[in-house]
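As a plain string of letters, each chain reads:
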Amino acid sequence: MARVKSLCRHRRKNNPVRRRRFGLASAGMLLLAGGTAIAQEARDIGQVLINDFLENVATLSGRFEQQLIDADNNVLEESSGTLAIRRPGQFRWSYAEPYEQLLIADGLNMWSYDVDLDQVTVKAQADALGSTPVSLLGGSTDVLKDFNYIGSFEDRGTQWVVLRPKDTESGFYKVELGFTDGELTRMLFGDNLEQTTLIALIDPAFNEPIDAATFDFSPPDGVDVVGKPVPPPAGDL
């Protein structure tokens, strides 16, 4: 939902709220996830859910609503947009409100296009994502090697799977994925600044075809480009 603190987005000057946006909601429901005791007996259920998601979901698309919550449970920002994910390693995360921003991972590079700033930031995808929450969404089963499985618990019909990144420099200290009737519907990411990103997926579609062009990106004429993209292998030119 960059470097994934804020979903791999670049930092904005003089606006701390926008710098911290994940970042992937219903704050009341999701905040219960952080404080609920892990049910030991549900541990195996969580492992089944996360492995099934990584092994059997090739594409995911839909709309999302997102909230950024501070340590005192104050809502700092609300945003919404659309997402498209195709494994391995491609996603498109498009913010429509409160301002327009586009995040695209094309398999080689991570692009962030800030429309109102007329600025594009690009980084090598491997460096930008690392062991971040987004790597779970677009990665394969082996991405779990970068996370510790803590357990799972059930709350209001949603089964929550709790993970902790092994890399303490990832910017996040917890990841919780919520599954309803076996499908991913909620996400919660806790960052190292004691802020929480809450994401609700709306009308998600799983394993539906997504046009490959969805994950193509070329900077528009006239925008500032920060960074240098990784070129494709010679055989792909």
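What you are looking at is a predicted structure, and each value in this text was computed from that prediction instead of being measured.

1. Here's the deal with the environment of Ala84
Okay, step 1: The topology assignment puts Ala84 in strand S2 (residues 75–86).
Okay, step 2: C-alpha of Ala84 to C-alpha of Phe215: the two residues are 131 residues apart in sequence and 8.6 Å apart in space.
Okay, step 3: When near neighbours in sequence (up to four residues on either side) are disregarded, Ala84 contacts Leu60, Ser61, Gln90, Phe91, Arg92, Ile210, Thr214 and Phe215.

2. Side note on the sheet that holds strand S9 (residues 172–180)
Whenever strands of a sheet pair, they do so through backbone hydrogen bonds, lying parallel or antiparallel.
Okay, step 1: Pairing within the open sheet is mixed, and its 12 strands lie in the order S7-S8-S9-S10-S11-S1-S2-S3-S4-S5-S6-S12. The open sheet has two edge strands with one neighbour each: strand S7 (147–155) and strand S12 (224–226). For this sheet, the mean angle separating the axes of adjacent strands, direction not counted, is 20 degrees.

3. Focus on the confidence of the model for the protein
Okay, step 1: Predicted confidence across the protein gives a mean pLDDT of 82, with 79% of residues reaching 70 or more.
Okay, step 2: Every residue in residues 1–43 is under pLDDT 50, and counting partners more than four places away or in other chains gives 168 contacts.

4. Considerations on the nonpolar core
Side chains that are nonpolar tend, in soluble globular proteins, to be buried together.
Okay, step 1: Counting residues in each nonpolar core, the largest one holds 35 residues, and the members touching the most others are Phe53, Phe91, Trp93, Leu177, Leu184, Met187 and Leu201.
Okay, step 2: When residues no more than four places from it in sequence are discounted, the contact partners of Leu184 are Phe53, Leu60, Leu137, Leu177, Gly178, Phe179, Leu201, Pro204 and Phe206.
Okay, step 3: Leu102, Trp111, Val120 and Val223 belong to the second-largest nonpolar core, a separate cluster that totals 8 residues.

5. Regarding the packing of aromatic side chains
Aromatic rings in a pair are described by how distant their centres are and how their planes are angled relative to each other.
Okay, step 1: In total, this model carries 6 aromatic pairs according to the counting rule given.
Okay, step 2: Between Tyr113 and Phe217 the ring centres are 6.1 Å apart and the planes differ by 45 degrees, which places this aromatic pair in the tilted class. Of this pair, Tyr113 sits in strand S5 (residues 109–114) while Phe217 sits in the loop between strand S11 (196–206) and S12; the two residues are 104 residues apart in sequence, bridging distant segments of the chain.
Okay, step 3: Take Tyr113: its relative accessible area is 15%, and that puts it in the buried class.
Okay, step 4: The exposure class of Phe217 is buried, given its relative accessible area of 17%.
Okay, step 5: Here Phe172 and Phe189 contribute two aromatic rings whose centre-to-centre distance is 6.4 Å and whose plane-to-plane angle is 80 degrees, an arrangement assigned as edge-to-face. With Phe172 in strand S9 and Phe189 in strand S10 (residues 183–191), the pair connects residues that are 17 residues apart, well separated along the chain.
Okay, step 6: Note on Phe189: relative accessible area 1%, which makes it buried.
Okay, step 7: An aromatic cluster is present here, built from Phe64, Trp93 and Tyr95 joined pairwise through their rings.
Okay, step 8: The ring of Phe53 has Arg87 sitting right over it, with the charged end atom 4.6 Å from the ring centre.

6. Re unusual backbone geometry
Okay, step 1: The linkage connecting Arg87 with the following residue, Pro88, adopts the cis geometry, with an omega of 0 degrees.
Okay, step 2: Looking at the element boundaries, Pro88 is found in the loop between S2 and strand S3 (90–97).
Okay, step 3: With omega at 0 degrees, the peptide bond leading from Glu97 into Pro98 counts as cis.
Okay, step 4: Residue position: Pro98 is located in the loop between S3 and strand S4 (101–105).
Okay, step 5: Phi at Asn73 is positive, roughly 65 degrees, even though this residue is not glycine.
Okay, step 6: Position of Asn73 among the secondary structure elements: in the loop between strand S1 (59–69) and S2.
Okay, step 7: On the basis of relative accessible area, Asn73 is assigned to the exposed category, the value being 52%.
Okay, step 8: In this structure, Asp118 takes a positive phi of about 55 degrees despite not being glycine.
Okay, step 9: Locating Asp118 in the fold gives a position in the loop between S5 and strand S6 (119–124).
Okay, step 10: Residue Asp118 is classed as partly exposed on the basis of its relative accessible area of 42%.

Reading the values: rules and limits
Residue numbers here run from 1 along each chain, matching the order of that chain's written sequence. Totals for whole chains, interfaces and linings use all residues, but because this is a predicted model, local features are given only for residues with pLDDT of at least 70 and pairs of side-chain atoms are given and counted only at 80 or more. Hydrogens and water molecules were not included; the side-chain quantities draw on all heavy atoms of the structure. Helix and strand definitions here come from DSSP, where helices need a minimum of 4 consecutive H or I residues and strands a minimum of 2 consecutive E residues; each element is numbered from the N-terminal end. For this analysis, residues touch if any pair of their heavy atoms sits within 4.5 Å. The criterion for strand pairing is that DSSP finds at least two bridges linking the strands in question. For helices, the axis comes from a line fit to the C-alpha atoms of the stretch in contact; other axes are also lines fit to C-alpha atoms, and the angle between any two N-to-C directions lies between 0 and 180 degrees. pLDDT expresses, on a scale from 0 to 100, how confident the predictor is about each individual residue. We define a nonpolar core as any set of buried Ala, Val, Leu, Ile, Met, Phe, Trp, Tyr and Cys residues linked to one another through side-chain atoms lying within 4.5 Å. Burial classes: relative accessible area under 20% of the type maximum marks a residue as buried, over 50% as exposed, and values in between as partly exposed (1.4 Å probe, protein chains only). When the centres of two rings from Phe, Tyr and Trp lie within 6.5 Å, Trp using its six-membered ring, the rings pair. Their planes under 30 degrees apart give stacked, over 60 give edge-to-face, and anything left gives tilted. Working rule: Lys NZ or Arg CZ, within 6 Å of ring centre, within 35 degrees of ring normal, means a charge sits over the ring.

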